[in-house]
Amino acid sequence: MLEKEGIKINDSERTRCEVWTRVMGYHRPIDSFNIGKKGEVSERKYFTEENACKCH
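In this numbering scheme, every chain counts its residues from 1 along its sequence in written order. Restriction of local features to residues with pLDDT of at least 70 applies here, the model being predicted, together with a cutoff of 80 or more for giving and counting side-chain atom pairs; totals for whole chains, interfaces and linings are based on all residues. Only heavy atoms go into the side-chain values, all of them from the structure, while hydrogens and water stay out.

### Section: the overall build of the protein
At step 1: The helix count covers DSSP runs of H or I at least four residues long, the strand count covers runs of E at least two residues long, and both are numbered beginning at the N terminus. From N to C terminus, the protein includes two helices and four strands.
At step 2: Mapped in sequence order, the helices and strands of the protein form the string β-β-β-β-α-α.
At step 3: Of all 56 residues assigned to the protein, the portion counted as buried reaches 11%.
At step 4: The Shrake-Rupley method, run with a 1.4 Å probe, gives the accessible areas here. Residue values count only the displayed protein chains as cover. Looking at the protein as shown, the accessible area adds up to about 5,800 Å², and 53% of this sits on carbon and sulfur atoms. Exposure classes here rest on a 1.4 Å probe applied to the protein chains alone. A residue is buried below 20% of its type maximum, exposed above 50%, and partly exposed in between.

### Some thoughts on the pairing of strand S4 (residues 26–29)
At step 1: By the bridge criterion, four bridges tie strand S3 (residues 20–23) to S4 in an arrangement that is antiparallel. Within the sheet, the bridge partner assigned to Arg22 lies in S4 and is His27.
At step 2: Think of it this way: DSSP has to see at least two bridges between two strands before they count as a pair. In textbook terms, the turn of a hairpin is the stretch between consecutive antiparallel strands, and for S3 and S4 this stretch comprises two residues, one of which, Met24, has a positive phi near 50°.

### Brief notes about the pattern of salt bridges
At step 1: Whenever Lys or Arg places a side-chain nitrogen within 4 Å of a carboxyl oxygen from Asp or Glu, that contact is recorded as a salt bridge. According to the stated counting rule, one finds three salt bridges in the structure shown.
At step 2: Residues Arg14 and Asp11 are paired through a salt bridge, measuring 3.2 Å at the closest nitrogen-oxygen approach.
At step 3: By relative accessible area, which is 55% here, Asp11 ends up exposed.

### Let's talk about the environment of Phe33
At step 1: Within the secondary structure, Phe33 is located in the loop between S4 and helix H1 (35–43).
At step 2: Not counting residues within four places of it along the chain, the set of residues in contact with Phe33 comprises Thr21, Val23, Arg28, Lys38 and Val41. Throughout, a residue-residue contact means that at least one pair of heavy atoms, one from each residue, lies within 4.5 Å.

### Let's talk about the confidence of the model for the protein
At step 1: Across the chain, each position has a pLDDT score giving the predictor's confidence in that residue, from 0 to 100. Here the protein averages 82 in pLDDT, while 88% of its residues score no lower than 70.
At step 2: Taken element by element, the protein is modelled with least confidence in strand S1 (residues 2–4), mean pLDDT 57, and with most confidence in S4, mean pLDDT 91.

### Quick word on the environment of Trp20
At step 1: By the secondary structure assignment, Trp20 is in strand S3.
At step 2: On the basis of relative accessible area, Trp20 is assigned to the partly exposed category, the value being 47%.
At step 3: Each C-alpha atom of the pair Trp20 and Ser32 lies 9.5 Å from the other, and the pair is 12 residues apart in sequence.
At step 4: Those residues within four positions of Trp20 in sequence are excluded, and the remaining contacts are His27, Arg28, Pro29 and Ile30.

The structure is reproduced here in structure tokens:
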């Protein structure tokens, strides 16, 4: 059960979220990838504009 700011959500109330990504110019669901491609997706590093603008 998730409880945040007084909102309670039971696992039975949740909906499965399908995650898509862009690969070679096409958008595809990650669930359709083979095990190797799923591994590549999990190793991706994401950035935010806020962090990209910081100078060291």
